[in-house]
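# Understanding the architecture of this molecule
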Amino acid sequence: MGKGKYEESSSDEEVNSSSDVVEASSDEEVESSSDEVEALSDDVESSEDESSSDNEKVEESDSSEDEVAPRNTVGDIPLVEWHKDEEHIGYDIKGRKIKKQPRKDKLASFIEGADDPKNWRKIYDEYNDEEIELTKDEIKIIQRVISGRTPHAEVNPYEDYVDWFEYEDKGHPLSNAPEPKRRFIPSKWEQKRVANLVRKIRAGLIKVSDQNKEEEHNVYSLWTDDTDSVENKKRGGYVPAPKPKLPGHEEAYNPPVEYIPTAEEINSYELMYEEDRPKFIPRRYLNYRSVPAYDKGVKESFDRCLDQYLCPRTRKKRINIDPESLKPKLPSRKDLRPYPTTCYLEYRGHMGPVNCISVDPSGQWLASGSTDGTARVWEIETGRCLKIWEVGEVARQICWNPSPDRPILAVVLEYDVLLLNSGMGDIDIQTKMKELLHISEPGATEDAGDSKSAVTWIQHEKHDGIRMKHFKAVSSIEWHFKGDYFTTVVPSGDSKAILLHQLSKKHSETPFRKLGIPVTAVFHPSKKKFFVATKKFVHVYDLSKVEKIQKLETGVREISSISIHPGGENIIVGSKEGKMCWFDLELSTRPYKTLKVHSKDITRVTFHRTYPLFASASDDCTAYVFHSTVYSDLNQNPLIVPLEILRGHKPEHGRGVLDCKYHPRQPWLFTAGADSIIKLYCH
């Protein structure tokens, strides 16, 4: 095939270069190239003389451009549309028409291209209507451009830098200005910038990521089927939308005989559960027109829509965990001994429920108060009743003075508080007690803004003690650890609800205002702090400043009792719904632990003074014993371990265990029940 007008104007050098290529090829390529040269020579001879002479002039020109100017001079126009009905495609530089080449059918072009080994080098120039054969150098240039390299191999883009300035043997540098001072001292602005970045990194505002770690991409295919891909595993196991089951042979309108069930099989389907019953029963029809409409089509389409709409698209992975491993690892009860386990002694003598008990600081005597109108003192080791006071009213609470030099009992009646001399101690102590419990003239404490006295101190002649008359009923009493001060609680909503008394001066005062309705109040075991429990909150006061410093939120329905740890930084609160809350004052104002231990109201909670034990008593006739270790390390939480459930009291009128107290020196627990019995539990 001829090369067209463009190759008619090729120079002798190009012919020589093509001949070199022919020599380097195989024998078949030599023969094919010789045929092309002969065809090229015939085309050259048949062309016009003027065009060949013009092309030779163009070839012999001294132009710096390597490429030959195009023959067609019509410009950038749509040749196919404008010249589709013409016999020419444009005009040359002389204005003569350039005729179109005869078109070949695709079959002839394919056969010719298959026989020509150089057909892959040829490209069609639509603008000049000719085929161009690329040389080896042009192919190399195209390959280098495709691979991203420079077109010409002789060009080195990484040549060494040529320094055009010479600095050797020069008298002066390019600039004679002196070096600035900032080049020799650290930059303060860079220092401030680095310090700001370090501050933000420490505060967590800037997160330093590992540069070697690949960035995680959150882009994923929504409807992909590859559920085990890396992207799906990062998202927690993606589940694609469920696909409907494709129909099988049984859904055909004329299924094979083996797919059609018999009448017995159809009757057996009725006896199956609906979820086990086949969804479709095959039937045979003579033709496709006899097939009726599917009666469950709408319902299944609706269910399909629900599946796609309501599918959570997540795969819930079930983790096989041993239930025993979820339990907290607690120490063995054998390692936590001693603690009370069995009933060792019973104190009998009261004729009614024993409301309250209290243990002497020496651990030798036990005091109790009952609804039978008596207060008694017992010897702990023998169970012998030493003394009985006929108080004539229900003893609501009894409390022994914590000072060993003051063997005084405080008994709470309805509206009165009796301070009684227990008679324990030597002659000197008894002489001091008589002087301390003697009042020459009745004294009263006046409340500011109210003419009615809050407390009246009078001498009790019958029992040789002091009788303190309150304006309302008293619910509880608690001594200060030094033994001179004590507090009484009057459950009312006014400012006289909490009263502080000083025994040595026979003086009472009401320092707290607007407390609500208090339930009980206790002193801190070592600091000047005061705890007041209302129905739902525990208020902590500083006695030196007489101001509230903390408010604890229990979250229970109603508080019944509180107790302070001997360390002073932990509190347990019992409620009337059977819950017990442990507070860490240095941790939070909310409970650290909430224990649901009893089925009925908790009547009393108490700590042991020396052993890591605390207990709770309830109306369900049980007392729970717990181990509690409070660590000095603030990073370690307290250890709470349930140890024993003490049973033995019988219920009376819906009441069970009404009070419980620990022995001050031994791991013994005393319980007072509504069955008028006091029990001692030992290890």
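Just so it is clear, the model here is predicted, and its values are computed rather than measured. (Residues numbered from 1 in each chain as written. Predicted model: local features only at pLDDT ≥ 70, side-chain atom pairs only at ≥ 80, totals over all residues. Heavy atoms only, no water.)

Tallying secondary structure elements over the chain gives 13 helices and 34 strands in all. In the chain, buried positions account for 37% of the 683 residues. In the chain, the proportion of contacts linking residues at least 24 apart, taken out of those at least 6 apart, comes to 48%. In the structure as shown, the chain presents an accessible area of about 44700 Å², 51% of it carried by carbon and sulfur atoms. (Helix = DSSP H or I, 4+ residues; strand = E, 2+ residues; numbered from the N terminus. Buried < 20%, exposed > 50% of the residue type's maximum accessible area, 1.4 Å probe, protein only. Contact = heavy atoms within 4.5 Å. Areas by Shrake-Rupley, 256 points an atom, 1.4 Å probe, with all protein chains shown as cover.)

Here we come to the sheet that holds strand β16 (residues 476–479). Taken together, four strands build an open sheet; the order of strands is β16-β17-β18-β19 and the sheet is antiparallel. The open sheet has two edge strands with one neighbour each: β16 and β19 (507–509). Averaged over all pairs of adjacent strands, the angle between strand axes in this sheet comes to 20°, irrespective of strand direction. Pairing between β16 and strand β17 (residues 485–489): four bridges, direction antiparallel. (Pairing = 2+ DSSP bridges. Axes fitted to C-alpha atoms, helices over the stretch in contact; angles between N-to-C directions.)

Across the sheet, which stays open at both edges, the four strands sit in the order β24-β25-β26-β27 with antiparallel pairing between neighbours. The sheet terminates laterally at β24 (559–564) and β27 (593–596), the two strands that pair on one side only. Across the sheet, the mean angle from the axis of one strand to that of its neighbour is 20°, orientation sign disregarded. As paired strands, strand β26 (residues 579–584) and β27 are joined by four bridges and run antiparallel to one another. In the sheet register, C581 faces β27, and the bridge partner there is T594.

A few words now on the packing of aromatic side chains. The full count for this structure, using the stated rule, is 14 aromatic pairs. A centroid spacing of 5.7 Å and a plane angle of 75° characterise the contact between W582 and F607, whose relative ring orientation is edge-to-face. Of this pair, W582 sits in strand β26 while F607 sits in strand β28 (residues 602–607); the two residues are 25 residues apart in sequence, bridging distant segments of the chain. Given a relative accessible area of 2%, W582 falls into the buried group. Feature note: the residues W582, F607, F614, Y624 and F626 constitute an aromatic cluster, connected by ring pairs. The ring of F471 has K496 lying over it, and the distance from NZ or CZ to the ring centre is 5.2 Å. (Phe/Tyr/Trp six-rings, centres within 6.5 Å; stacked < 30°, edge-to-face > 60°. Lys NZ or Arg CZ within 6 Å of the ring centre and 35° of its normal.)

If you trace the backbone, W668 turns up in the loop between β32 (657–662) and β33 (669–673). As a C-alpha pair, W668 and C682 span 14 residues in sequence and 4.8 Å in three-dimensional space. With residues up to four places along the chain from it excluded, the contact list for W668 reads I380, K661, Y662, H663, L680, Y681, C682 and H683.

Core analysis: the biggest nonpolar cluster contains 24 residues, and L419, W457 and L503 have the highest contact counts within it. Elements with a minimum of two residues in this core: β11 (408–412), β12 (416–421), α13 (427–436), β14 (450–460), β15 (465–470) and β16. Beyond its immediate sequence surroundings of up to four residues, L419 is in contact with I408, L409, A410, L437, W457, G465, I466, M468, W479, F486 and L503. Membership of the second largest hydrophobic core comes to 16 residues, among which are C356, A375, W389 and L409. (Core = buried A, V, L, I, M, F, W, Y, C linked by side-chain atoms within 4.5 Å.)

Take the pairing of β15 next. Across the six residues that make up β15, a large majority, five, are buried. Sheet analysis places β12 next to β15, joined by four bridges and oriented antiparallel. The residue bridging L419 from the neighbouring strand is I466, located in β15.

As a further point, take helix α8 (residues 188–203). Between its terminal C-alpha atoms α8 stretches 22 Å, which fits the 22 Å expected from 16 residues at 1.5 Å a residue. Counted residue by residue, α8 has zero buried out of 16 residues, so it is predominantly exposed. Where α8 terminates, the next one or two residues include G204, which has phi positive at roughly 85°. (Expected span 1.5 Å × (residues − 1).)

This part is about the pattern of salt bridges. Two side chains of opposite charge can pair, provided their charged atoms sit close to one another. Within the structure shown, the criterion is met by 18 salt bridges. For D416, the salt bridge goes to R467, with nearest N and O atoms at 2.4 Å. Linking D416 in strand β12 with R467 in strand β15, this pair joins segments that are 51 residues apart in sequence. Per residue, the accessibility class of D416 equals that of R467, and both read buried. Among the ionic pairs, E553 bridges to R590, the shortest N-O distance being 3.4 Å. (Salt bridge = Lys/Arg side-chain N within 4 Å of Asp/Glu carboxyl O.)

Looking now at the pairing of strand β9 (residues 385–390). As paired strands, strand β8 (residues 374–379) and β9 are joined by five bridges and run antiparallel to one another. If you follow T374 over to β9, its bridge partner there is E390. Where β8 hands over to β9, the hairpin turn is made up of five residues, of which G383 adopts a positive phi near 80°.

Excluding glycine, residues mostly have negative phi values, and the peptide bonds linking residues are mostly trans. Cis geometry is found at the peptide bond from R337 to P338, where omega equals 10°. Relative to the helices and strands, P338 is located in the loop between α12 (323–326) and β5 (342–348). For C621, which is not glycine, the phi torsion reads 65° and is therefore positive. As for its placement among the helices and strands, C621 is situated in the loop between β29 (613–618) and β30 (622–629).

A contiguous nonpolar surface patch, about 450 Å² in accessible area, is contributed by L197, I201, L205, I206 and V208. Mapped onto the elements of the fold, L205 is located in the loop between α8 and α9 (230–234). (Patch = residues over 30% accessible without salt bridge, like charges linked within 9 Å, V, L, I, M, F, W, Y side chains within 5 Å.)

Since its relative accessible area comes to 17%, R467 is described here as buried. Here D416 takes part through its side chain, which lies 2.4 Å from a polar atom of the side chain of R467. In this view, R467 contacts E393, D416, V417, L418, T456, W457, I458 and H460; residues no more than four positions away in its chain are not counted. (Polar contact = N/O pair within 3.5 Å; in protein donor to acceptor, adjacent residues only side chain to side chain.)

Right, let's get into the environment of I142. The residue I142 is located in helix α7 (residues 136–146) in this model. Since its relative accessible area comes to 42%, I142 is described here as partly exposed. Sequence separation between I142 and H152 is 10 residues; the distance between their C-alpha atoms is 9.9 Å.

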